[in-house]
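This is what each chain is made of:
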Amino acid sequence: MKLDKMRYVFVMAAIVLAVIYLASCGKKDPVSPEETIPAGKIIYVKNDITNGYGIYSMDAGGGNQTMLIDTEDDEMVPDCACDGSKIAFIWNKSGINQIYSLNMDGTNPEPLTNDQTGKFSPRWSPGDFMIAFHRAVDGNTDIWVLHIERETLIQITTDEAADITPSWSPDGSRIVFASNRDGDYDIYTVAVGTGADPVKLTNDTVVNVSPQYSHNGEWIVYISPDADIAESDPEVFKMRVDGSEITQLTHNTFEDFSPCWSPDDGWIAYRSRVTGPARYDILRIRADGTGETNITNNQENQAWPDWTN
Ligand SMILES: [Ca+2]
Ligand SMILES: [Ca+2]
Ligand SMILES: [Ca+2]
Ligand SMILES: [Ca+2]
């Protein structure tokens, strides 16, 4: 009996020591959050006098800035496919803004639309088989969806006001967009397929634009002026997908536009007029409003970021 008890004590001590050892192995040196460069790549647009708008790629830390496509025409508003295989973008090389797809390495641009209406803000659906966008038909700007394989266009909104900048909910059931149907721009969602059940998420007298669902489907990021300052410059905001918990993330004195989520929803990238009235950089900020960082910080103009794995 005594021997069994000693063996029990010995085994227990060995287990405790092993747990302490494993716990100490799992510990890492503390890293300051400011030193942590978020993962992934940012696809964005650069604008210069020679070639106008073009599409570029960089690390989320700002390294490896690489041209993907930049002809003498304008290549704009890139959106990465959910599976990371392609980029959708707007190209005006025919004289009309059409939706094209591009491989992630910048090869093989292919037209996806070719009618007589200009299109903007293409966004891949979950599953990458459809692309939402906005266009004006007979003077009415609405949200439309392109079914890529069937080559059909489906009208989502019909209100006579301007309905712009769509973004899909991660389950593909709804599209969020901005509309000025009550006089100033607010954020709305609508059911995909029927275009029914419109829900107004913001209800104020200021301009709210550029909404985008987070990948986890819990938040919508968008642009709105600072609520506390008259004639404020645009700031990055987020709210719950039901319109609650409106939270201002940036508090700077620059014009912030085109926010997008990082793949893990931990960060938001946006373009900001941080370095002067005629200059745009790509910035990032954590989803809790800390760590605002100028990623590009150069003498060039950058816009329309989209953050991918
Ligand atoms: Ca160009
Ligand atoms: Ca409309
Ligand atoms: Ca409003
Ligand atoms: Ca601002």
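If you're wondering where the values come from, they're calculated on a predicted model, not measured in any experiment. (Residues numbered from 1 in each chain as written. Chains lettered and ligands numbered in written order. Predicted model: local features only at pLDDT ≥ 70, side-chain atom pairs only at ≥ 80, totals over all residues.)

In terms of regular secondary structure, the protein is built from one helix and 24 strands. Out of the 309 residues in the protein, the part that is buried amounts to 39%. Sequence separation of at least 24 residues holds for 35% of the intrachain contacts in the protein that already meet a minimum separation of 6. (Helix = DSSP H or I, 4+ residues; strand = E, 2+ residues; numbered from the N terminus. Buried ≥ 20, exposed ≤ 12 C-beta atoms within 10 Å, placed from the backbone. Contact = placed C-beta atoms within 7 Å.)

As a further point, take the nonpolar core. F89, I175, I268 and A269 are the most contacted members of the largest nonpolar core, which totals 67 residues. For I268, the residues in contact, after removing those within four places along its chain, are V221, V236, L249, P259, C260, W261, R284, I285 and A287. (Core = buried A, V, L, I, M, F, W, Y, C linked by C-beta atoms within 7 Å.)

This part is about the sheet that holds strand β16 (residues 209-213). Ordered in space as β16-β17-β18-β19, the four strands form an open sheet in which the pairing is antiparallel. What marks the edges here is a single partner per strand, and that holds for β16 and β19 (247-248). Across two bridges, the pairing between strand β18 (residues 234-240) and β19 is antiparallel. By the bridge assignment for β19, F237 is matched with Q248. (Pairing = 2+ DSSP bridges.)

Position of W124 relative to the elements: it lies in strand β8 (residues 119-124). Taking the C-alpha atoms as reference points, W124 and D83, separated by 41 residues in sequence, lie 10.0 Å from one another. Beyond its immediate stretch of four places on either side in the chain, W124 contacts D79, A81, C82, A88 and I131.

Phi is positive for E151, close to 55°, though the residue is something other than glycine. Following the sequence through the fold, E151 ends up in the loop between β10 (140-147) and β11 (152-155). For E151, a count of 10 C-beta atoms within 10 Å gives the class exposed. In the Ramachandran plot, S258 falls in the positive-phi region, its phi being about 55° despite a non-glycine side chain.

In this structure, V206 sits in the loop between β15 (199-200) and β16. Looking at V206, the number of C-beta atoms within 10 Å reads 14, which means it is partly exposed. Along the backbone, V206 and D226 are 20 residues apart, and their C-alpha atoms lie at a distance of 9.5 Å. When near neighbours in sequence (up to four residues on either side) are disregarded, V206 contacts D184, S224 and P225.

It is worth spelling out the confidence of the model for the protein at this point. Taken residue by residue, the protein gives an average pLDDT of 89. The fraction at 70 or more is 87%. Here residues 14-33 is modelled with pLDDT under 50, and outside its nearest four sequence neighbours on either side it reaches two contacts, counting other chains as well. (pLDDT = per-residue confidence, 0-100.)

Turning next to the sheet that holds strand β24 (residues 301-308). Sheet architecture is open: four strands sit in the order β3-β2-β1-β24, paired in antiparallel fashion. Each edge of the open sheet carries a strand with a single partner, namely β3 (66-69) and β24. In this sheet, neighbouring strand axes are inclined to one another by 30° on average, regardless of whether the strands run parallel or antiparallel. Alignment of strand β1 (residues 41-48) against β24, held across six bridges, turns out to be antiparallel. Bridge pairing in β24 places K41 opposite T308. (Axes fitted to C-alpha atoms, helices over the stretch in contact; angles between N-to-C directions.)

With respect to the helices and strands, the residue Y188 is situated in strand β14 (residues 186-191). Sequence separation between Y188 and G243 is 55 residues, and the spatial gap between their C-alpha atoms is 9.4 Å. Contacts of Y188, omitting those with residues within four sequence positions, involve F177, S179, P198, V199, K200 and L201.

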